[in-house]
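Geometric and topological summary
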Amino acid sequence: QLQLVESGGGLVQPGGSLRLSCVASGDTLDSYTIAWFRQASGKEREGVSCSSSRDGSAYYADSVRGRFTITRDNAKNTVYLQIDSLRPEDTGVYYCAGDDRLCKWTVNGYDYWGQGTQVTVSS
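Residues numbered from 1 in each chain as written. Predicted model: local features only at pLDDT ≥ 70, side-chain atom pairs only at ≥ 80, totals over all residues. Heavy atoms only, no water.

1. What to know about the sheet that holds strand β1 (residues 3–7)
- The strand order β1-β3-β8-β7 describes an open sheet built from four strands, whose pairing is antiparallel. Each edge of the open sheet is held by one strand with a lone partner, namely β1 and β7 (68–73). The mean angle between the axes of side-by-side strands here comes to 20°, regardless of whether they run parallel or antiparallel.
- The sheet contact formed by β7 and strand β8 (residues 78–83) spans six bridges and is antiparallel. Bridging across to β8, T69 finds its partner in Q82. (Pairing = 2+ DSSP bridges. Helix = DSSP H or I, 4+ residues; strand = E, 2+ residues; numbered from the N terminus. Axes fitted to C-alpha atoms, helices over the stretch in contact; angles between N-to-C directions.)

2. Observations regarding the packing of aromatic side chains
- Scanning the model with the defined rule gives five aromatic pairs in all.
- Ring centres of Y32 and Y112 lie 5.9 Å apart, and the angle between their planes is 90°; this geometry places the pair in the edge-to-face category. Of this pair, Y32 sits in the loop between β3 (18–25) and β4 (33–39) while Y112 sits in strand β10 (residues 112–113), and the two are 80 residues apart along the sequence.
- Given the relative accessible area of 22%, Y112 is considered partly exposed.
- Look at F37 and W113: their rings are 5.1 Å apart centre to centre, the planes differ by 55°, and that puts the pair in the tilted class. Of the two residues, F37 is situated in strand β4 and W113 in strand β10; the sequence distance between them amounts to 76 residues.
- The exposure class assigned to W113 is partly exposed, which follows from its relative accessible area of 25%.
- In this structure an aromatic cluster arises from ring pairing among F37, Y95, Y110 and W113.
- The lysine or arginine in question, R19, covers the ring of Y80, its NZ or CZ lying 4.2 Å from the ring centre.
- A cation over an aromatic ring shows up here: R45 above the ring of W113, its NZ or CZ 5.1 Å from the ring centre. (Phe/Tyr/Trp six-rings, centres within 6.5 Å; stacked < 30°, edge-to-face > 60°. Buried < 20%, exposed > 50% of the residue type's maximum accessible area, 1.4 Å probe, protein only. Lys NZ or Arg CZ within 6 Å of the ring centre and 35° of its normal.)

In short, geometric facts, not functional conclusions.
Have a look at this one:
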């Protein structure tokens, strides 16, 4: 069974950058579509980026396009989310999620989830 562990979150100032990591175990990550979601306090969990295992495409929510970049390192069984130009509204818990289908933007479209890593953007 695929297991996912996120890391790399922290407290940063507006305009700063972070690189989040999602390390897979139990299976080879290159067989899975991997998405990043985030959840702010009092709000629904929302998809921000997805890397498809089917067509190799990367997808981004409108709110993060141009600032976030999703990449894979298959040798390390890891997917990264590079986050630049951070804004206070980017604050939340960031989760990676895996599935064997094409990219989806709904939480129930993914079978495997990490425990999340906290990102806080504040002065």
